[in-house]
Amino acid sequence: MSKHRSKRYKKAAALVEAGKSYGLADAVGTVKKFPAPKFDPTVTVSFHLGVDPRKSDQMVRGSVSLPHGTGKNVRVAVFAAGAAAEAATAAGAEFVGFEELIKKVQGGFTDFDVAIATPEAMTEVRKIARVLGPRGLMPNPKTGTVTDDTAKAVAEVKAGRIDYKLDKNGNVAGSIGKTSFSESALLENAQAFIDSVLRAKPASAKGNYVQSVTIAAAMCPGVPIESSVYTKN
């Protein structure tokens, strides 16, 4: 362990037994025991998958509605016009528009967490893919963010739906709540996310689909999850 780690991190690391993998409930319980900082840390579940990110037929992506939400205010941008724009505004989207909003994003504006677009608007939204794509903000039909039912989409992401996607190193991660959540809420959220990633296994994936799973709170060590949690017979 780096000598530059904080005292709080070292105290948390002392609670994680070296070389041990934990059942999901025990792992969540361990995260809850970590010394609390002055903020409410986000809890993340991270996967390392046995797929090849370079192959399009082995891409892993999807979305899942967490039973207890994410614990954070999700800022939503909706690219739409007419009735779809009005519905998005009524549903609570922070930024709604079409041509003007696209121009704003072209100018560097990305102060939102999720982007939603109607199918009609996607023709123009694709022009800002260079801005949205690298930040994981590009609307996609597979995650329900390209839809005519903008009100439903806004409501779902506000209520705790998270989108996930394989990165170039073969990893998938998702925020499943805050350390202030109860153990049962974190456990149910984690299980929902794990189940979703397992269901997203590409048909072309060979060998062990999931190599490892870790749960961690921000600025704290990860807690390894035992394979029985993500190995389904």
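Residues numbered from 1 in each chain as written. Predicted model: local features only at pLDDT ≥ 70, side-chain atom pairs only at ≥ 80, totals over all residues. Heavy atoms only, no water.

## Focus on the overall build of the chain
Moving on, step 1. In terms of helices and strands, the chain carries 8 helices and 9 strands.
Moving on, step 2. A globule of 233 residues ought to have a C-alpha radius of gyration of about 17 Å, and the chain, at 19 Å, matches this closely.
Moving on, step 3. Dimensions of the chain, computed from the C-alpha atoms along their principal axes, are close to 55 × 45 × 35 Å.
Moving on, step 4. Counting over 233 residues, the chain shows a buried share of 45%.
Moving on, step 5. Within the chain, contacts between residues separated by at least 24 positions form 71% of all contacts whose residues are at least 6 apart in sequence.
Moving on, step 6. Placing the 32 positive and 22 negative side-chain charges of the chain at their respective mean positions leaves the two points 9 Å apart. (Helix = DSSP H or I, 4+ residues; strand = E, 2+ residues; numbered from the N terminus. Rg over C-alpha atoms; globule rule 2.2 N^0.38 Å. Buried < 20%, exposed > 50% of the residue type's maximum accessible area, 1.4 Å probe, protein only. Contact = heavy atoms within 4.5 Å. Lys, Arg positive; Asp, Glu negative; His and termini not counted. Charge placed at Lys NZ, Arg CZ, Asp CG, Glu CD.)

## With respect to helix α7 (residues 150-159)
Moving on, step 1. Those residues of α7 that fall on the buried side of the exposure criterion are Thr-150, Ala-153, Val-154 and Val-157. All buried residues of α7 fall inside an arc of 100 degrees around its axis, so they share one side.
Moving on, step 2. Against the buried residues of α7 lie β3 (76-79), α3 (82-91), β5 (114-117) and β6 (161-165).
Moving on, step 3. Just past α7, the residue Gly-160 takes up positive phi, approximately 125 degrees. (Arc of directions from axis to C-beta.)

## Quick look at unusual backbone geometry
Moving on, step 1. Non-glycine residue Met-219 carries a positive phi angle of around 65 degrees.
Moving on, step 2. With respect to the secondary-structure elements, Met-219 resides in the loop between β8 (210-217) and β9 (223-224).

## Some thoughts on the nonpolar core
Moving on, step 1. In this structure, Phe-47, Phe-193 and Ile-215 are the most contacted members of the largest nonpolar core, which totals 42 residues.
Moving on, step 2. Of all the secondary structure elements, the ones that give two or more residues to this core are α2 (24-33), β1 (42-49), β6, β7 (171-178), α8 (183-199) and β8.
Moving on, step 3. Among the elements that make up this core, the one with the highest residue count is α8 (8 residues).
Moving on, step 4. Dropping the residues within four chain positions of it, Phe-193 is found in contact with Val-45, Phe-47, Val-64, Leu-66, Ile-162, Tyr-164, Val-172, Ala-173, Gly-174 and Ile-176.
Moving on, step 5. Judged by nonpolar contacts, the second largest core, of 17 residues, contains Phe-79, Phe-112, Ile-128 and Val-131. (Core = buried A, V, L, I, M, F, W, Y, C linked by side-chain atoms within 4.5 Å.)

## Side note on the domain arrangement of the chain
Moving on, step 1. Taken domain by domain, the chain comprises domain 1 (17-69 + 161-230) and domain 2 (76-159).
Moving on, step 2. Listed as interface residues are 7 residues of domain 1 and, on the opposing side, 8 residues of domain 2.
Moving on, step 3. Summed over both sides, the interface between domain 1 and domain 2 buries roughly 680 Å², with carbon and sulfur atoms accounting for 41% of that surface.
Moving on, step 4. A salt bridge links Arg-161 to Glu-156; its shortest N-O distance comes to 3.1 Å.
Moving on, step 5. Taken together, the connections running from domain 1 to domain 2 amount to 2 residue pairs in polar contact (both at pLDDT 80 or more).
Moving on, step 6. Broken down by secondary-structure element, the contributors of at least two residues to the side of domain 1 that touches domain 2 are β2 (61-65) and β6.
Moving on, step 7. A per-element tally of the side of domain 1 that touches domain 2 places β2 first, with 3 residues.
Moving on, step 8. Looking at side-chain class alone, the side of domain 1 that touches domain 2 contains 1 nonpolar, 3 polar and 3 charged residues. (Domains from an automatic or database assignment. Buried area = accessible area lost by both parts, 1.4 Å probe. Salt bridge = Lys/Arg side-chain N within 4 Å of Asp/Glu carboxyl O. Polar contact = N/O pair within 3.5 Å; in protein donor to acceptor, adjacent residues only side chain to side chain. Nonpolar A, V, L, I, M, F, W, Y, C, P; charged D, E, K, R; others polar.)

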